Each structure stands twice: as C-alpha cells, then as structure tokens.
Amino acid sequence: MRHLVGFLLAVVLAAAVFFAASWGYVKLLLGPLGPLPAGGGSLLHHTAILEGLGALAGVGLVAGLLIALPRVSPLASGLPGLVLLAWTGLYIFSVRRAVQYIPLKTEAYGMGFQALLFDGILAMAGLVMIIPLFVPSRWRLTQSTSAAAPYEAQDATATYPGFQDTQTIGDGGGLMSDWTQTRPQPRVNPGVSQAPWGPADPGHPGGSAGPV
C-alpha cells in the first residue's frame, strides 16, 4: 500500500515538473532581455519573473519533501527521476527523437520542458530524484520508536525479578502463606483436651484433675 501511494505521488510529481516547472522556466526565459535581468535592478515589479520563480520553487519544495521524508516510498521521486534521465539519454543519442516525444510543444509547457532538456536541468534534477532508490531503508517502513508489547501483556516478573516474591495474594505463595508456614505452632498432646474453657478429663489417661 505504501508503494502504491508512492506510485501515485510519482505521477503527481511528474505532472508538476512538466506543467509547473516547465511553465515557470519559460517565464524566466521570456523575462526582460539584457545583460542583467531588469537591468540589474529590483525584480519586485516584474510579475512574470516572480511567477516563474514561485513555480520552480514550489516544484522544488515538493520534490525535496518526497526525496527527504523517510516514510515516503522511494518510487515517489525515483520514477520521475528515471524518466527524466531516460529522456536526457535519448536526447544525447538522438536530439530529434527526444524533441519529437515532448507533448504540447506549441504550448508553454512543452517549450519550457524542451528548454529544461536542452540546458541539462532535467538531467541534474533526475540524478537527485533517484537517490532514494539506492537507500535500502527507504524500501521498508521503519518504526520511529521501538515496537513494544502493550503494558497489560508485559511479564512483570521478567521486568522485575523480585516482583513475584513481594506478592501478598497468590496460589500457595506470598507473604501470608510464608507467615503461616513459619509461625510457631503450639505443641499438641494427643491425650489432653485442648479446649480452652475447661479442664481436661481426669479419667482420661495422661490427663490431670481440675481443681476441687
């Protein structure tokens, strides 16, 4: 389930790269021309450039979170990164085919993606995005805290070795049973009655007569 969600996030990130990042890059390229943008002055009044920077920064933030968060499947950033690297490899071997496969080439998205491809930005972004694929811990979900059994299921005698010895209620054990076993017991003469309210039978062997 975790990797299925990662696959869906990969589709979202790929769409963000193609539509948002490509559009933002076109905005930057179509900014004020000259040796320096805005003639070396402030860009606060150039809305197009600010929009382009915002789009690129937003896509970079999303991609960075998918790369850095350990609980996110590595497929979320790895699959789009592999696509970008594959497109760059196709561009190296055949520029015409690489450009031919770009969708919406007449729109700002297609033109921006082509510019990102030509400038090598797609290759650089793809190399960063595939890093989680080579981290073994990202393929399995690790618990932030050690898994412990519920408190009720824990063995108190294992945690506290002397715990059983201090119990006062138990099956044949505990302080009460120890006290009854160690308490001094009166010696019983089998020939003498032990009734506390009267003297022993004088006619019984071993008995003693009471007072006259």
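Before reading on, note that the structure itself is shown above.
The structure reproduced in this document is the subject of the present report. (Residues numbered from 1 in each chain as written. Predicted model: local features only at pLDDT ≥ 70, side-chain atom pairs only at ≥ 80, totals over all residues. Heavy atoms only, no water.)

### Remarks on the side chain of Ser73
Logical step 1: Checked against the element boundaries, Ser73 lands in the loop between helix H2 (47-68) and helix H3 (75-93).
Logical step 2: Those residues in contact with Ser73, other than ones at most four positions away along the chain, are Arg2, His3, Gly6 and Arg138. (Helix = DSSP H or I, 4+ residues; strand = E, 2+ residues; numbered from the N terminus. Contact = heavy atoms within 4.5 Å.)

### Focus: the nonpolar core
Logical step 1: Of all hydrophobic cores here, the largest spans 21 residues; its most connected members are Leu13, Leu84, Trp87, Ile102, Phe113, Leu117 and Leu122.
Logical step 2: Those elements that place two or more of their residues in this core are helix H1 (2-29), H2, H3, helix H5 (108-118) and helix H6 (121-129).
Logical step 3: When residues in this core are grouped by element, the largest group, 5 residues, is from H1. (Core = buried A, V, L, I, M, F, W, Y, C linked by side-chain atoms within 4.5 Å. Buried < 20%, exposed > 50% of the residue type's maximum accessible area, 1.4 Å probe, protein only.)

### Digging into the packing of H1 against H5
Pairs of packed helices are described in terms of their axes, by the angle between the two and the distance that separates them.
Logical step 1: Contact geometry of H1 with H5 gives a least axis separation of 7 Å together with a crossing angle of 80 degrees. Considering their axes alone, H1 and H5 lie roughly perpendicular with respect to each other. Judged by residue contacts, Phe18, Phe19, Ala21, Ser22, Trp23, Tyr25, Val26 and Leu29 of H1 engage Ala108, Tyr109, Gly110, Met111, Gly112, Phe113, Ala115 and Leu116 from H5.
Logical step 2: A class-by-class count of the residues in the contact of H1 with H5 yields 13 nonpolar, 3 polar and no charged. (Axes fitted to C-alpha atoms, helices over the stretch in contact; angles between N-to-C directions. Parallel < 35°, antiparallel > 145°, perpendicular 65-115°, else oblique. Nonpolar A, V, L, I, M, F, W, Y, C, P; charged D, E, K, R; others polar.)

### Let's talk about the packing of H1 against H2
Logical step 1: Interaxial distance between H1 and H2 falls to 8 Å at its minimum, and their mutual angle equals 155 degrees. Relative to H2, the element H1 lies roughly antiparallel. For H1 against H2, the interelement crossing comes out left-handed. Side by side, H1 and H2 meet where Leu9, Leu13, Ala16, Val17, Ala20, Ala21, Trp23, Gly24, Tyr25, Lys27 and Leu28 of the first sit next to Ala48, Ile49, Glu51, Gly52, Leu53, Ala55, Leu56, Val59, Val62, Ala63 and Leu66 of the second. (Left-handed = near helix turned anticlockwise from the far one by under 90°.)

### Section: the side chain of Ser77
Logical step 1: Positionally, Ser77 belongs in helix H3.
Logical step 2: When residues no more than four places from it in sequence are discounted, the contact partners of Ser77 are Leu13, Leu66, Ile67, Met129 and Pro132.

### Thoughts on H3
Logical step 1: Helix length check: H3 (19 residues) gives 26 Å between terminal C-alpha atoms against 27 Å at 1.5 Å per residue, within 8%.
Logical step 2: Inspection of H3 places Leu75, Ala76, Ser77, Gly78, Pro80, Gly81, Leu84, Trp87 and Thr88 among the buried residues, and these make up the whole buried set.
Logical step 3: Tucked inside the fold, the buried residues of H3 contact H1, H2, helix H4 (95-100), H5 and H6. (Expected span 1.5 Å × (residues − 1).)

### Remarks on the packing of aromatic side chains
Logical step 1: Evaluation of the coordinates by the stated rule reveals 5 aromatic pairs.
Logical step 2: Taking 5.0 Å as the distance between ring centres and 90 degrees as the angle between the ring planes, the aromatic pair formed by Phe18 and Phe19 counts as edge-to-face.
Logical step 3: Judged by relative accessible area, which is 10%, Phe18 ranks as buried.
Logical step 4: Classification of Phe19 as partly exposed rests on a relative accessible area of 40%.
Logical step 5: Seen in terms of ring centroids, Trp87 and Phe113 are 5.0 Å apart; in terms of plane orientation they differ by 65 degrees. Their pairing is edge-to-face. In this pair, Trp87 sits in helix H3 while Phe113 sits in helix H5, placing the two residues 26 residues apart along the sequence. (Phe/Tyr/Trp six-rings, centres within 6.5 Å; stacked < 30°, edge-to-face > 60°.)

### A word on a nonpolar patch on the surface
Logical step 1: Judged by side-chain polarity, Met1, Leu4, Val5, Phe7, Leu8, Leu9 and Val11 come together as a nonpolar surface patch covering roughly 680 Å² of accessible area.
Logical step 2: You can see Leu8 is positioned in helix H1. (Patch = residues over 30% accessible without salt bridge, like charges linked within 9 Å, V, L, I, M, F, W, Y side chains within 5 Å. Areas by Shrake-Rupley, 256 points an atom, 1.4 Å probe, with all protein chains shown as cover. Salt bridge = Lys/Arg side-chain N within 4 Å of Asp/Glu carboxyl O.)

### Things to note about H1
Logical step 1: Between the first and last C-alpha of H1 there are 39 Å, a value that for 28 residues agrees with the 40 Å anticipated at 1.5 Å per step.
Logical step 2: At Val17, H1 shows its maximal bend, which comes to roughly 30 degrees.
Logical step 3: The complete set of buried residues in H1 reads Arg2, Gly6, Ala10, Leu13, Val17, Phe18, Ala21, Ser22, Gly24, Tyr25 and Val26.
Logical step 4: On its buried face, H1 sits against H2, H3, H5 and H6. (Bend = angle between axes of the 7 residues up to and from the residue.)

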